[in-house]
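Summary of the model geometry
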Amino acid sequence: MSDLRVPCVEGLFSEMNGAAVIHGSKCMECDTPYFPKSGQCHNPDCDESRMEACDFGGRGVLWCYWVAEFASRHRHKYDEPFKPYVIGVVDMENGLRLVGQMVDSLDQVKIGALVKLVIEPLYHEDDKTYTTWKFKQL
């Protein structure tokens, strides 16, 4: 395993001062957040679309979850052997509803739990650790 950590998708997320952030946008007219970035506001109640780049991080509440019990037939990278994992939908404090893998095991996951955004390994390849955003219960 390598100490070289790289994002699995460049430009979607990063770590800033030890905190996980995802890179999105926000309408400065109506405050609607978007991830990934959007070039225009899709809020039907917004009269003007004034988009700006915005970084989101922090905490949220686990709204629901499901378990990925088998590997996708589509292009999906993971460390062998495949291990089932929990995917959560989180209502973030900043207004986003974000989907991501949970760090916690299924027997620990609780709907309504407070979680925080973290950057964690997704898979290892070519002496690199590829990372993504995930959620960890507090």
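Before reading further, recall that the structure is shown in the block above.
Residues numbered from 1 in each chain as written. Predicted model: local features only at pLDDT ≥ 70, side-chain atom pairs only at ≥ 80, totals over all residues. Heavy atoms only, no water.

Some points on the nonpolar core
Ile 22, Met 92, Leu 98, Met 102, Leu 117, Trp 133 and Phe 135 are the most contacted members of the largest nonpolar core, which has 18 residues in total. Where this core is concerned, the elements lending two or more residues are strand 3 (19-27), strand 7 (85-92), strand 8 (97-102), strand 9 (114-125) and strand 10 (128-137). Residues contacting Ile 22, with those up to four places away along its chain left out, are Leu 12, Phe 13, Phe 35, Cys 54, Asp 55, Phe 56, Leu 96, Leu 98, Leu 117 and Trp 133. (Core = buried A, V, L, I, M, F, W, Y, C linked by side-chain atoms within 4.5 Å. Buried < 20%, exposed > 50% of the residue type's maximum accessible area, 1.4 Å probe, protein only. Helix = DSSP H or I, 4+ residues; strand = E, 2+ residues; numbered from the N terminus. Contact = heavy atoms within 4.5 Å.)

Notes on the packing of aromatic side chains
Scanning the entire structure with this criterion turns up five aromatic pairs. Ring centres of Phe 13 and Trp 133 lie 5.8 Å apart, and the angle between their planes is 70°; this geometry places the pair in the edge-to-face category. Linking Phe 13 in strand 2 (residues 13-16) with Trp 133 in strand 10, this pair joins segments that are 120 residues apart in sequence. Here the two residues Phe 13 and Trp 133 agree in accessibility, since each one is buried. An aromatic cluster of at least three residues, connected via ring pairs, comprises Phe 13, Phe 35 and Trp 133. One Lys or Arg, Arg 97, reaches over the ring of Trp 63 and ends 3.9 Å from the middle of that ring. (Phe/Tyr/Trp six-rings, centres within 6.5 Å; stacked < 30°, edge-to-face > 60°. Lys NZ or Arg CZ within 6 Å of the ring centre and 35° of its normal.)

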